[in-house]
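One-letter residues, chain by chain:
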Amino acid sequence: MANVANSVNVGPLVLRAQADGLFNANDVAQRIENMYLLEESTLRSVWGPTAFVPSTLFGSEGLRPTSNVYPAGDSRYTGINAATPKYGFKQHGIFHCELQKGARDVLLLHTGNELWEFQGWNRNWRQLLSNPAGADGIQADLLDEASTEFPTQFVPTGNGVVIVPQGSRAYFYDGHCIAPLGFSEIPPSPVGRGPTSSSDTFDADTLRGMNDIGYAHSSSKSGALLEFSEVAAMATLALTAARQPDSAMTQGFGRCRLGNTTTLPTSDPTEIAKAAAGWLEPGEWRAAVQYVDRWGNLSPVSAESSSVECDQQPSISRTAAYKDYSDGPPVPLSPTRARIQIKWTGISQGPDHCIGRRLYRTKDLQNSGTTGLFLMTQNAMSTTTAFATVPDNIVTQFPDNIPDTWLGAEAPTILPVPQFKLAEMALGRLWIGNLIDSPGTARPSDPGFWGTFTAGSDVTPDPQSEIMGMKSVPNGLLLCTEDTTFLVTASDDGQRFRHSPLSTAIGCVAPSSMKTMAAGQVVWMGRDGFYAYEGGKISFISPQIRRLFKRVTQPRMRQAVATYDSRSREYRCWVSLDGSTVNQTCFVFDGSGWRTRFDIVADSVCTSKDHRQYTLVGGHIPGDTDHSGVYLLDHDASPDIPELDAVKNREALVETAWLEATDSDKAKTSYVVYLWLRETENTTITIDVLKNWREKVIETNTTKRYSEKDVPDFWGTTKLGSGTWRDRRPFWTRAAIHVPSAEAVKFRIRGTGVWEFVGLQVEMAPRYYGGAQVTP
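Calculation rules
- Residues numbered from 1 in each chain as written.
- Predicted model: local features only at pLDDT ≥ 70, side-chain atom pairs only at ≥ 80, totals over all residues.
- Heavy atoms only, no water.
- Pairing = 2+ DSSP bridges.
- Helix = DSSP H or I, 4+ residues; strand = E, 2+ residues; numbered from the N terminus.
- Core = buried A, V, L, I, M, F, W, Y, C linked by side-chain atoms within 4.5 Å.
- Buried < 20%, exposed > 50% of the residue type's maximum accessible area, 1.4 Å probe, protein only.
- Contact = heavy atoms within 4.5 Å.
- pLDDT = per-residue confidence, 0-100.

For the rest of this paragraph, the subject is the sheet that holds strand β10 (residues 138–139). Here we have five strands laid out as an open sheet, ordered β6-β7-β8-β9-β10, and mixed in their pairing. This sheet does not close on itself; its edge strands, each paired only once, are β6 (91–99) and β10.

In structure tokens form, the structure reads like this:
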């Protein structure tokens, strides 16, 4: 077609983002669907997905794994299987990370009512959480419901992963062992055994009456209750009969160490043999227990035991010099020889992941002036480096010969690990939020111990609201409710935390939508669109799609899921649109503009944190609910998937804005559309033409997806060894159209399969009158 006089070329228009506006700039599209951004800043139609678990494992038919179509609580539920596998009704969460400095690759999937780990070496899964417990995991009851709820949360900590299923307690997995996070239990109190007195007064002749029965250790001599001679003990049969079998200190263990003593001043040393040199003061002690797990997490400290007491007792003995076994005269001794030992029994055994117990004891409550509990050393040493007083989960009793002066640090006030919905690593701690009994509270763990929570550090910025989002930022932690956003930072002394409001009108409605982009922006979904936090400020980043966003199903916002694809450098967020019960629509943000895609229904999503940078989705292909599972995006489909209409006939399109809309009072005529593409398949692409603000196609044309001047070798049809494939070549192609006297014109470029769009150019001319004079 010859060039028309006075014609001009509009473009080239490099369309990379869409907007809802009526008067968009020519280089902003009205719609871009099922296209993703390549490294060279071109748009390619989405392809795949492919089933992540290879289909070759499942018999000669090569079928993909199936899944339940009913949740676990439904009577029609038929169970799931990790070895085959058969997936659950819904993929509640998927997560990938590397542990042990990249030596351990972990891919976790919460499917149905079980948690699986992918075994790449076997190309299938193994159960970590299930009921009953699998060979490699533990028993757990995870919820599997169709109701709207947050997806399962996963938080990498460096030495493991914190797993937060909704409606259940949290777990910790270090790549080898999985167990509940910390302790939700409070241990029972231990039971103390100590001496009791057989009389209210001390009998100097028999040395009986005080601290002489019960668990009455007070000597290093075998068979002795107090410091008197063995010969006298043998002669006093009544005393021997009353003696407890465990009353004596074991030979070689030295003297007893508990108790405060008083020493009498001696003014006449020659009279010292006639009276006691001092006495043991009355005393009282209590103890408590605390569990320790394999990662060093601590349980709350138990309530204090009942008291163990001793009575006042003089420090005297008798000599064994008399051969007739008579008692002999009293002999004064050092008051330290009257001290006692006690024993703690009934020390409770912790849950399966407990590997030790710490014992705490008071100092002498009647003489020390303090009522605090202090850590007991593991053995007869004044200091300890052991992780626990009782370094096992078996022993239920502990002989206590630790003097008050050897007691260690005071017992911390540890809180039970509550049930919570959200978690995030920030400021060197694990933060948990939306606690079951306090939805507006966030609580930090102790540094390095992700399941230990010390009292007094809670942050509750908005007590009347539910925490809906938590995300680490360089200077603290972003904390969002539905309508407010706060920044949590450390206090000046580094021991506590403070919060300051960033916005009292902007919040988060989907915790799994909060993701950090490569440049450091934190992006999330609010009630009316998407927001970003950067440099201490919050900005609204989705004004271009406000009209489309109004179609998001508000009651289903909290189930939205997102990831940052580090290959395409895109933020992708899947949401429910138009009342759908599932997340069938993906909003894509590349840092400057938006697109949409509809190739997968996503229950959960993650990007692998390794060189592959896979985008993995737990969900299903639209219309294929029998095969819900794990899919890999933006890769060629597995052999059994292309036959699905949702994949085979999936259409990608780029629809321009109304071109020359701001100059629509002057009609124009369009003659030619030039498309700038890259060679892909041996087929065509379709161009629809729309005119004068009407969504009615007035003309349709097609053009090749390759240059007919220099036909390339096509993948899949060229014989092996006869073709050459390098980077796909860009080329221009043209489609002849004729849109006379149009106020505004729009073009919709669409096609199935694989095609790559670079830009377009339109040849236009002023309105042609054909020589007739027409009133303007």
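Structure's up, so let's keep going.
To continue, consider the nonpolar core. If you look at the biggest cluster of nonpolar residues, it comprises 30 residues, and the most contacted ones within it are M35, V654, L675, F747, W755, F757 and L760. When residues in this core are grouped by element, the largest group, five residues, is from strand β54 (residues 730–742). In contact with L675, other than residues within four places in its own chain, are I685, I687, T703, F731, W732, T733, I749, G759 and L760. Ranked by size, the runner-up nonpolar core spans 23 residues in total, among them I541, I545, V552 and F589.

Turning our eyes to something else, we now look at the sheet that holds strand β39 (residues 515–516). With respect to topology, four strands assemble into an open sheet ordered β39-β40-β41-β42, the strand pairing being antiparallel. The open sheet has two edge strands with one neighbour each: β39 and β42 (537–540).

Our focus in this paragraph is the pairing of strand β37 (residues 485–490). Where burial is concerned, most of β37 is hidden: five out of the six residues are buried. Summarising the sheet, strand β36 (residues 476–480) and β37 pair through four bridges and their orientation is antiparallel. Within the sheet, the bridge partner assigned to L477 lies in β37 and is V488. Linking two consecutive strands that pair antiparallel, namely β36 and β37, is a turn of four residues. Examined bridge by bridge, β37 and strand β38 (residues 497–503) share six bridges and lie antiparallel to one another. Looking across to β38, one finds that V488 is bridged to H499.

Before going further, it helps to examine the side chain of Q91. Examined against the element boundaries, Q91 turns out to sit in strand β6. Using a relative accessible area of 0% as the deciding quantity, one classes Q91 as buried. Once residues within four sequence positions are removed from consideration, Q91 is found in contact with L109, H110, T111, D603, S604, G618, G619, S628 and G629.

Next up on the list: the confidence of the model for the chain. Residues of the chain with pLDDT of at least 70 account for 86%, and the chain-wide mean is 85. Confidence over residues 320–325 falls short of pLDDT 50; this stretch has six contacts with residues more than four positions distant or in other chains. Counting interchain partners and residues more than four positions distant, the pLDDT-below-50 stretch residues 769–776 has zero contacts.

Right, let's get into the environment of P511. By the element assignment, P511 lies in the loop between β38 and β39. When the C-alpha positions of P511 and A560 are compared, they lie 8.0 Å apart, and in sequence the two are 49 residues distant. With sequence-adjacent residues up to four places away left out, P511 is seen in contact with F150, L422, M468, G469 and R558.

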